[in-house]
Amino acid sequence: MDIQFVFIQLFNGLALGSFYILLSLGLTIIFGMLGVVNFAHGALYMLGAYCGYTLVQVYSGNFWIAVILSPLIVALIGIVMESTLLRKLYDLPHFYNLLLTFGLMIFIEELIQIIYSPMGKPFNTPKELLGSIDLGFMLFPKYRLFILGITLFLAIGIWLFMGKTKLGAIIRAGTDDSEMVDALGIDISKIFTLVFGMGAGLAGLAGVLAAPLQNIFPYMGMGILTETFVVVIIGGMGSIFGSILGGIIVGELITMGVIFWPPMANTLIYIFMAAVLLLRPRGFFGRVKFFE
Amino acid sequence: MGKLRMPSLIKNRWCLVWLIPLFIFLPFLTPHHSLASEMLIFAIFAMGYDILFGYTGLLSFGHAIFFGAGAYSSGLILIKLQAPLLVGLLGGIFVSLVIALVVGFLSIRVKGIYFVMVTLAFCQMFYFIALKWSGLTGGDNGLHGVPRPSIGPIHLDSEIRLYYLVLMLFVLCLFLALRIVRSPFGRALQSLKSNEDRAKSIGFNTNHFKLISFLISAFFGALAGGLYALHLNFVPLETLNIMTSGDVVIMSIIGGIGTLYGPIFGAMLLVYLKNLLSAWTEQWNFIMGILFVTSVLTLRRGILVEVKQRLFHKR
Amino acid sequence: MRGKIIIIGMICFLFLLRAPYALAKDPVKVGVISVLSGPLAVVGKGEPDAIKMLIEGYGPLLGEKVELVIKDHAYSPGLAVERAKELYEKDKVDVIIGCPNSAAALGVSDQAAKNKKLFISTDAGTCDLIARNPYTIKWNYNDYMLATTVGLWGAEHLGKRWYTITSDYAWGHDLLKYFTAALKKKGGEHVGNDMVAVGTADYSPYILKAAKANPDVLVLLNVGKDAVNSTKAAVEYGLKKKAKIVHALLFEVDIKGAGIDIFEGDYTAASWNWVAPIPGVRKFADQFYERYGDRPIFMAAGGYSAALQYLEAVKKAGTKEQVPVIKALLNHTFKDIFADPGFVRAEDHLQLAKSYLLKVKKASDVKEKEDYFEIIGSVAAEEANPPVGFFGRKIGGF
């Protein structure tokens, strides 16, 4: 087992982890703020990929336009979802909204299947990002480096946004105590909608970024959803840093599992999750409040 | 949350006049006989699930674990040990209860939304284990050749005879479930659901109650699973699927949680509709999705309770 | 009182009148199970369509028009067994044809034995269906055939060092087993294997491992999305330039779905393709295309052939009773648009025919719709298929 090979796989794990980071960031801010576990998150991811496909194949756009527009479109869809449907159930226990998003997941997947056909759709890596970069000690595909770059950029961006801006402060306050923020005169329902839109947008971005790497089909969000849940359990619900750390861990576990223990590569993350549950149920950075 | 709800025997006794014949003649009313068995099997599953979800307030997204474990264990006992039928079913229940003890204990340590996700992840884990352990389970080919041993002189090869066995067990389960939810234990569960801290302050060991409720729901699920194995003469891997977990949740919600009769009705309705709709359209999943979303949004108390309210209280 | 007797008597008389009609109306009924909803519907549609086309053009059999009942099992083994029960018990079909998904087909096969009615399995690959019970006939392809075709032909023509990436479930394991046996027979070298869970989106770690082993040929023992994802990764990491790629099973829909550039130059095995050199194939493909807008895939042709031979067997036997018809099908040599010739072996109820090697064309060579493959070789029926008794099972008599 030579170092170069291990390095490449480590890097691959990071690239895979980027998707988990983007997805779990969205899931965790939605949960932190709204208390909703968004089962439709995988479906939003899939919508991002389909947006990309439609923009590129049907409207002959280029990849870069797709990468910018798709998350925005999915964010818009998320905003519509929240303001029309989820809002109605806020007065009920949280699991009603969980079930609603579960039903929406089925609805969205089947709808796309009807519109676009269940067949996979092609999506190619943009020309500028084809090929690999020679990093001296290893070759690495440009496209995956691009994904890493975007994720890093976004992760830092969200961190700064939450920490340094006024809106970010409001969101953090609302996460802790939404009634109080409301009492202070800030329209908390608009913030809810914004946060849901942000989460959806992140999922959409992950989807359009994943499109060149895997076949686009209506059910592509299902597998990745459970794994995203594992990431959030490990990292801790409601914690941004936890999502980042959890995403990296899960990405690496899956990838390294392939090298060292191939038959168990997929089950490994569930074993890790079970261990976390036994030793520290709220995850690495989960706040105790979200126990409820 | 809502007030404590106690299921009374159906308020208007005359309902029994048409309900009892309905159940007795069900195999002849459905498009084909075996559909009736399937309807009741999932009704048993949903009934037990309601005790956990509707009465104790714990939303488990992993209950396929017990359905599947019951199915596989019963199937294996019947195949490998050539055991009599009831021994097979009981064996399946026993194995599921052991698993439920472990999974329940671990899952109950976390509350609220975490509980949902943990049960979901456990379900996925068991699915993968069964997939990998193909020597035992047949992997994704499933477990084939589950026999239907006769009970004494009664042969069960015909679908109709199997239905009456399922019906008997269903009635037994229903009585059992009713006894449980109307007992002090059942009321304790409901108090737990409406306000756990208050229940704790009265002195209930809430974790114990939750675990027992979990085990009870696993019992029903495992029995349903074992019957399912007999019904198909085989156990497909999808019995452990997350969608199967999701199915029982959907059935309970559409029927109306916390009423026992609601999930029974929901399960029977959904199994029936799935069969009916898939003959007409290829998009029946889509229709199911819409039904479910509508149920969650509007019929919060489920179809059964809504209909009852409208029919019986509007006068 | 007298009135009642007269009325009851008339009713009984009417029933008596009906009885002979009831007896006379007993047409041959063919049942088809396929996947018609969900993600695999695209692949499953062809077979019932082809059989519908056949039966409509077939004319009366035993004095009645042949009837067709089509059921969807949504690729679920549980549903398949339910459908089989429905078909045998309620619809009273005389034969069930089709059923993709090995687990589903095994379940249906058991129902066939239970109901003592014929099941011709045309789509599922598992070899557990061969010599399973007297009421099951395995038609079209099987995993042994696919893997052995690839192994035997490839070892001769493509190179000596082979790396396999296998889908980690029963189908993949079976393919790997038979493939390595065939490879060894021809003196090839199996330099490594990876088991990959079905549905894995990211194949990069496996492709990297494969690249390290420096094979001449990369064999992808997977299908559908997994085939697409693994091939995309191979292209991404440049492995496609260094090694030839062989698929166990490659559907036109996947090529369409991912774009032909990804799959260009890849090899695969198949029991049939619409460009196969069989008399009548082109006409069949055109007929299908005119009616359904798509070219038929091997599942459609296999189903068509099974249905046709079944009907011919009923005609030959002069009855639709199960045992005589099955006997008429066994040891039967036939020529149709699917096989030229095909033969049904009596010892293990296996239908044998030549298997083909296909190569994916370059995008620029594709002249018409769905013209993705060219036939570059074939393997004889006896060589590609398992010998009698290979699985250690014997079929008892009736």
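Up top is the structure these notes are about.
This write-up is about the structure you can find in this document. The structure presented is a predicted model; accordingly, all values stated were derived computationally and were not measured.

### Topic: the overall build of chain A
No. 1: Counting its regular elements, chain A contains 11 helices and 2 strands.
No. 2: For chain A, the C-alpha radius of gyration of 19 Å lies close to 19 Å, the compact-globule estimate for 292 residues.
No. 3: In terms of overall dimensions, chain A has C-alpha extents of about 60 × 50 × 35 Å along its principal axes.
No. 4: Put simply, 77% of the contacts in chain A that link residues at least 6 apart link residues at least 24 apart.

### Notes on the overall build of chain C
No. 1: Looking only at helices and strands, chain C features 16 helices and 17 strands.
No. 2: With the C-alpha coordinates of chain C rotated into their principal frame, the extents come out at 95 × 45 × 40 Å.
No. 3: Looking at chain C as a whole, 62% of its 398 residues qualify as buried.
No. 4: Taking all contacts inside chain C whose residues are at least 6 apart in sequence as the whole, residues at least 24 apart take part in 68%.
No. 5: As displayed, chain C has an accessible area near 14800 Å², and 57% of this comes from carbon and sulfur atoms.

### Focus: the packing of helix α2 (residues 41-58) of chain A against helix α4 (residues 94-116) of chain A
Residue and element names in this part refer to chain A.
No. 1: Interaxial distance between α2 and α4 falls to 10 Å at its minimum, and their mutual angle equals 25°. By the angle between their directions, the pair α2 and α4 is classed as roughly parallel. By crossing handedness, the relation of α2 to α4 is classed as left-handed. Where α2 abuts α4, its residues Ala-43, Met-46, Leu-47, Tyr-50, Tyr-53 and Thr-54 lie against Met-105, Ile-108, Glu-109, Ile-112 and Tyr-116.
No. 2: The class makeup of the residues in the contact of α2 with α4 is 9 nonpolar, 1 polar and 1 charged.

### Re the pairing of strand β16 (residues 355-360) of chain C
All names here are of chain C.
No. 1: Of all 6 residues making up β16, 5 are buried, and the element is well covered by its neighbours.
No. 2: Direction of pairing for strand β12 (residues 267-270) relative to β16: antiparallel, over a ladder of 4 bridges. Bridge assignment links Thr-268 to a residue of β16, and that residue is Leu-358.
No. 3: Direction of pairing for β16 relative to strand β17 (residues 373-379): antiparallel, over a ladder of 6 bridges. Among the inter-strand pairings, Leu-357 is bridged to a residue of β17, identified as Gly-377.

### Some details on a nonpolar patch on the surface
No. 1: Residues B:Leu16, B:Ile20, B:Ile24, B:Phe25, B:Phe28 and B:Leu29 make up a contiguous nonpolar surface patch of about 580 Å² in total accessible area.
No. 2: Inspection of the secondary structure assignment puts B:Ile20 in helix α1 (residues 15-29).

### Side note on the interface of chain A and chain C
No. 1: Listed per partner, the contact involves 30 residues of chain A and 25 residues of chain C.
No. 2: Roughly 2300 Å² is buried in total at the junction of chain A and chain C, and carbon and sulfur atoms are behind 57% of that figure.
No. 3: On the chain A side of the interface with chain C, the three residues burying the most area are A:Met119, A:Asn215 and A:Val258, jointly 22% of the side's total.
No. 4: At the junction of chain A with chain C, the criterion picks out 1 salt bridge.
No. 5: Run the count over chain A and chain C and you get 8 residue pairs in polar contact (both at pLDDT 80 or more).
No. 6: In terms of residue class, the side of chain A that touches chain C is made up of 18 nonpolar, 9 polar and 3 charged.

### Digging into the environment of A:Lys190
No. 1: On the secondary structure map, A:Lys190 appears in helix α8 (residues 188-210).
No. 2: Spatially, the C-alpha atom of A:Lys190 lies 9.9 Å from that of A:Ile79, the residues being 111 residues apart in sequence.

### Some details on unusual backbone geometry
Only a minority of non-glycine residues have a phi that is not negative, and only a minority of peptide bonds are not trans.
Residue and element names in this part refer to chain C.
No. 1: Backbone torsion omega between Asp-340 and Pro-341 reads 0°, so that peptide bond is classified as cis.
No. 2: Tracing the chain through its elements places Pro-341 in the loop between β13 (332-334) and β14 (342-345).
No. 3: The backbone of Asn-331 sits at a positive phi, close to 55°, despite the residue not being glycine.
No. 4: With respect to the helices and strands, Asn-331 occurs in the loop between α15 (322-329) and β13.

### Observations regarding the sheet that holds strand β11 (residues 244-247) of chain C
Hydrogen bonds along the backbone pair up the strands of a sheet, which may run parallel or antiparallel.
Residue and element names in this part refer to chain C.
No. 1: A sheet is described by the order of its strands in space; here 7 strands give the open sequence β9-β8-β10-β11-β12-β16-β17, paired in mixed fashion. Taken across any chain shown, the strands that pair with only one partner, and hence form the sheet edges, are β9 (189-196) and β17. Strand-to-strand twist across the sheet, computed as the mean angle between neighbouring axes with direction ignored, equals 25°.
No. 2: The sheet contact formed by strand β8 (residues 161-167) and β9 spans 7 bridges and is parallel. Opposite Thr-164, over in β9, you have Asn-193 as the bridge partner.
No. 3: Sheet strands touched by helix α7 (residues 170-185): β8, β9 and β10 (217-221). Its angle to β8, the strand with the most contacts, is close to 165°.
No. 4: Relative to the sheet, helix α9 (residues 225-236) contacts β8, β10 and β11, its axis offset from that of β11 by approximately 175°.

### A short note on the pattern of salt bridges
Once the charged atoms of two side chains with opposite charge are near each other, the side chains can pair.
No. 1: Summed over the entire model, instances satisfying the criterion amount to 32 salt bridges over all chains.
No. 2: A salt bridge links B:Glu159 to B:Arg148; the nearest nitrogen and oxygen atoms lie 3.4 Å apart. Of the two residues, B:Glu159 is situated in helix α7 (residues 159-182) and B:Arg148 in the loop between β1 (143-144) and α7; the sequence distance between them amounts to 11 residues. Comparing B:Glu159 with B:Arg148 shows no difference in burial state: the two are buried.
No. 3: The salt bridge partner of C:Lys186 is C:Glu156, with a shortest N-O separation of 2.9 Å. Remark: C:Glu156 occurs in helix α6 (residues 143-157) and C:Lys186 occurs in the loop between α7 and β9; sequence separation between them is 30 residues.
No. 4: C:Lys186 gets classed as partly exposed once you look at its relative accessible area, which sits at 30%.

### Points about a negative patch on the surface
Residue and element names in this part refer to chain C.
No. 1: Taken together, the side chains of Asp-261, Glu-264, Asp-365 and Glu-374 make up a negatively charged region of the molecular surface.
No. 2: Structurally, Glu-264 can be placed in the loop between α12 (260-263) and β12.
No. 3: Accessibility expressed as a relative area gives 30% for Glu-264, which makes it partly exposed.

### Digging into empty space enclosed by the protein
All names here are of chain C.
No. 1: By the definition in use, this model includes 5 cavities of 30 Å³ or more.
No. 2: In this structure, the second largest cavity encloses a volume near 90 Å³.
No. 3: Residue lining of the second largest cavity: Leu-249, Leu-250, Glu-252, Thr-268, Ala-269, Ala-270, Trp-272, Asn-273, Ile-297, Phe-298, Leu-358 and Phe-373, and that is the complete set.
No. 4: At 3 residues, β12 tops the list of elements feeding residues into the lining of the second largest cavity.

### As for the interface of chain B and chain A
When the parts come together, some accessible area is lost, and that loss is often what is quoted as the size of the interface.
No. 1: Contacts between the two partners involve 37 residues from chain B and, on the opposite side, 43 residues from chain A.
No. 2: Taken together, both faces of the contact between chain B and chain A bury some 3900 Å²; the carbon and sulfur share is 80%.
No. 3: Across the contact surface, chain B and chain A share 0 salt bridges.
No. 4: Taken together, chain B and chain A are joined by 2 residue pairs in polar contact (both at pLDDT 80 or more).
No. 5: Sorting the residues of the side of chain B that touches chain A by element identifies α5 (112-132), α11 (242-255) and α13 (284-297) of chain B as the ones contributing at least two each.
No. 6: The biggest single contributor to the side of chain B that touches chain A is α5(B), with 12 residues.
No. 7: The residue inventory of the side of chain B that touches chain A, partitioned by class, reads 27 nonpolar, 6 polar and 4 charged.

### Observations regarding the nonpolar core
No. 1: One finds A:Leu99, B:Met47, B:Leu59, B:Phe61, C:Tyr310 and C:Leu311 to be the most contacted residues of the largest nonpolar core, which totals 339 residues.
No. 2: Of all the elements, helix α2 (residues 33-55) of chain B adds the most residues to this core, at 16 residues.
No. 3: In contact with C:Tyr310, other than residues within four places in its own chain, are C:Val28, C:Val30, C:Asp94, C:Val95, C:Leu118, C:Ile120, C:Val325 and C:Leu329.
No. 4: Counting 24 residues, the second largest nonpolar core, distinct from the first, contains A:Ile8, C:Tyr163, C:Ala210 and C:Leu220.

### Brief notes about the side chain of B:Lys210
No. 1: Within the secondary structure, B:Lys210 sits in helix α10 (residues 206-232).
No. 2: When residues no more than four places from it in sequence are discounted, the contact partners of B:Lys210 are B:Thr56, B:Leu58, B:Ile108, B:Lys111, B:Leu192 and B:Glu196.

Conventions and cut-offs
- Residues numbered from 1 in each chain as written.
- Chains lettered and ligands numbered in written order.
- Predicted model: local features only at pLDDT ≥ 70, side-chain atom pairs only at ≥ 80, totals over all residues.
- Heavy atoms only, no water.
- Helix = DSSP H or I, 4+ residues; strand = E, 2+ residues; numbered from the N terminus.
- Rg over C-alpha atoms; globule rule 2.2 N^0.38 Å.
- Contact = heavy atoms within 4.5 Å.
- Buried < 20%, exposed > 50% of the residue type's maximum accessible area, 1.4 Å probe, protein only.
- Areas by Shrake-Rupley, 256 points an atom, 1.4 Å probe, with all protein chains shown as cover.
- Axes fitted to C-alpha atoms, helices over the stretch in contact; angles between N-to-C directions.
- Parallel < 35°, antiparallel > 145°, perpendicular 65-115°, else oblique.
- Left-handed = near helix turned anticlockwise from the far one by under 90°.
- Nonpolar A, V, L, I, M, F, W, Y, C, P; charged D, E, K, R; others polar.
- Pairing = 2+ DSSP bridges.
- Patch = residues over 30% accessible without salt bridge, like charges linked within 9 Å, V, L, I, M, F, W, Y side chains within 5 Å.
- Salt bridge = Lys/Arg side-chain N within 4 Å of Asp/Glu carboxyl O.
- Buried area = accessible area lost by both parts, 1.4 Å probe.
- Polar contact = N/O pair within 3.5 Å; in protein donor to acceptor, adjacent residues only side chain to side chain.
- Lys, Arg positive; Asp, Glu negative; His and termini not counted.
- Charge placed at Lys NZ, Arg CZ, Asp CG, Glu CD.
- 1 Å grid on protein atoms, 1.4 Å probe; cavity = no way out; pocket = protein on both sides within 12 Å on 5 of 7 lines; lining within 4 Å.
- Points joined across faces, edges and corners; volume = space filled by probe spheres on them.
- Core = buried A, V, L, I, M, F, W, Y, C linked by side-chain atoms within 4.5 Å.

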